[in-house]
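Listed here are the chains, written in short residue letters.
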Amino acid sequence: MSAEASIVRRAVCPGSFDPVTNGHLDIIGRAASLYDEVVVAVLINKSKSSLFTVDERIEMLGEVLAVYPNVRIDSFYGLLVDYCRTNDIPVIVKGLRAISDFEYELQMAQMNRGLAGVDTLFMPTNPEYSFLASSLVKEIATYGGDVSTLLPPTILERLHERLGR
Ligand code: PNS
């Protein structure tokens, strides 16, 4: 095997995933076809209230991502670039839903590159999911709206269970 062939191209898809949506899965699936290994990293954010615990979110991600042999799930605390450095990950993959995402994402991408040389690859989301956000899904489901096309069936079930529906 040549030295070139042994290089593992690794990327991280970071996020809160509270819960994972079809929009996340679209980006992670596409990243999985571009990189040898994709780490889906769930941010442990003590200052943000969440519907699902980090362990629950990891479990749900594990269920819906089991079809990808080169995707693994992890969690991280603190700076994403520190996680990247520790785990030898040179690239962050982010989905861009609309131009409104771009300004903040660009700022973070430039900061992360400046801090640690970690690059960001922006992937345009499938237009079908350009309006999709976990926060909206939770709000709509809380008031009885139909979010069945936005989440995998097992996640929808968990969401309804959590909301007592
Ligand atoms: O799903 P989210 O909540 O939009 O994901 C945001 C996330 C986790 C990707 C972002 O907040 C992040 O990278 N947080 C880690 C803390 C960090 O590195 N902050 C500095 C960014 S320049």
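Bear in mind that the values here come from a model prediction, so they are computed numbers and not experimental data. The written sequence of each chain sets the order in which its residues are numbered from 1. Only residues with pLDDT of 70 or above have their local features reported here, since the model is predicted, and side-chain atom pairs are shown and tallied only from 80 upward, although totals for entire chains, interfaces and linings are computed over all residues. With hydrogens and water set aside, each side-chain value is computed from the structure's full complement of heavy atoms.

Caption draft 1: Molecular detail of helix H2 (residues 54–65). The end-to-end C-alpha separation of H2 is 16 Å, in line with the 16 Å expected for 12 residues at 1.5 Å each. Burial classes follow relative accessibility: with a 1.4 Å probe on protein chains only, a residue under 20% of its type's maximum area counts as buried, one over 50% as exposed, and anything between as partly exposed. Each helix is a run of DSSP H or I of at least 4 residues and each strand a run of E of at least 2, with the numbering of both proceeding from the N terminus. Val54, Glu56, Arg57, Met60, Leu61, Val64 and Leu65 are the residues of H2 that are buried. Along H2, the residues classed as buried sweep out an arc of 160 degrees about the axis, all on the same side. Note on contacts: a residue pair is in contact if any heavy atoms of the two residues lie within 4.5 Å. Turning to H2, the residues buried within the fold contact helix H1 (22–34), strand S2 (37–43), strand S3 (71–76) and helix H6 (153–162). Given the number of residues in a helix, its expected span is that number minus one, multiplied by 1.5 Å. The arc in question is traced by the directions running from the helix axis to the C-beta atoms.

Caption draft 2: Fine view of the packing of aromatic side chains. Aromatic pairing here means that ring centres of Phe, Tyr or Trp (its six-membered ring) are within 6.5 Å. Orientation follows from the plane angle: under 30 degrees is stacked, over 60 is edge-to-face, and everything else is tilted. Here the structure, examined in full by the defined rule, presents two aromatic pairs. Aromatic side chains Phe76 and Tyr83 sit 5.6 Å apart centroid to centroid with 45 degrees between the ring planes, which places their arrangement in the tilted category. With respect to class, Phe76 is no different from Tyr83; both count as buried. Centre to centre, the rings of Phe102 and Phe122 are 6.0 Å apart; their planes meet at 65 degrees, and the pair counts as edge-to-face. Residue Phe102 is located in helix H4 (residues 99–116), and its partner Phe122 is located in strand S5 (residues 119–124); the two are separated by 20 residues in the primary sequence.

Caption draft 3: Local environment of the site of the ligand. Near the ligand there are 13 residues, and of these Gly15, Ser16, Gly78, Leu79 and Leu80 occur at the shortest range. For the purposes of these results, a polar contact is taken to be a pair of N or O atoms within 3.5 Å, where, inside protein, one atom must be able to donate a hydrogen and its partner to accept one; residues adjacent in sequence count only when each atom of the pair is a side-chain atom. Contacts to the ligand include Ser16, whose side-chain N or O atom sits 2.6 Å from an oxygen atom. In this structure, Leu80 approaches the ligand through a main-chain N or O atom, which is 2.9 Å from an oxygen atom. Reported accessibility uses the Shrake-Rupley method at a 1.4 Å probe radius. Residues are deemed covered only where the shown protein chains occlude them. Expressed as a share of its isolated accessible area of 550 Å², the protein-covered part of the ligand is 70%. For the shell around the ligand, the elements supplying multiple residues, two or more each, are strand S1 (10–15) and H4. If you tally residues by element for the shell around the ligand, the top one is H4, at three residues. We define proximity as follows: a residue is near a molecule or strand when any one of its heavy atoms falls within 4 Å of that partner.

Caption draft 4: A look at the nonpolar core. Put simply, a nonpolar core is a bunch of buried Ala, Val, Leu, Ile, Met, Phe, Trp, Tyr and Cys residues held in one set by side-chain atoms that sit within 4.5 Å of each other. Formed by 33 residues in total, the largest nonpolar core has its most connected members in Val40, Leu65, Val93 and Val147. Look past the residues within four positions of Val147 in its chain and what remains in contact with it is Val137, Ile140, Ala141, Leu156 and Leu159. Residues Val12, Tyr83, Cys84 and Ile89 belong to the second largest nonpolar core, which totals 11 residues.

Caption draft 5: Geometry of the pattern of salt bridges. Between Lys or Arg on one side and Asp or Glu on the other, a salt bridge is scored when a side-chain nitrogen of the former is within 4 Å of a carboxyl oxygen of the latter. Scanning the model with the defined rule gives 14 salt bridges in all. A salt bridge links Asp101 to Arg97, with the shortest nitrogen-to-oxygen separation between them at 3.0 Å. For Arg97, a relative accessible area of 34% puts it in the partly exposed group. A single network of salt bridges, built from pairs that share partners, joins Arg10, Glu37, Arg72 and Asp88.

Caption draft 6: The arrangement of H6 in detail. Among the residues of H6, Ile155, Leu156, Arg158 and Leu159 are the ones counted as buried. In a view along the axis of H6, the buried residues occupy a sector of 165 degrees, so they form one face of it. Along H6, exposed side chains directed more than 90 degrees from the buried face belong to Pro153, Glu157 and Glu161. In the segment just after H6, Gly164 is the residue with positive phi, at about 70 degrees.

Caption draft 7: Molecular detail of the sheet that holds S5. Spatial strand order, S3-S2-S1-S4-S5: five strands in an open sheet with parallel pairing. Every other strand in the sheet has two partners, leaving S3 and S5 as the edge strands with one partner each. Taking each pair of neighbouring strands and ignoring which way they run, the sheet shows an average axis angle of 30 degrees. Between N-to-C directions, angles span 0 to 180 degrees; the directions come from axes that are lines fitted to C-alpha atoms, helices contributing only their stretch in contact. Relative to S5, H1 is tilted by about 120 degrees, and along the sheet it contacts S1, S2, S3, strand S4 (91–96) and S5. Pairs of strands are assigned from DSSP output, requiring at least two bridges between the strands.

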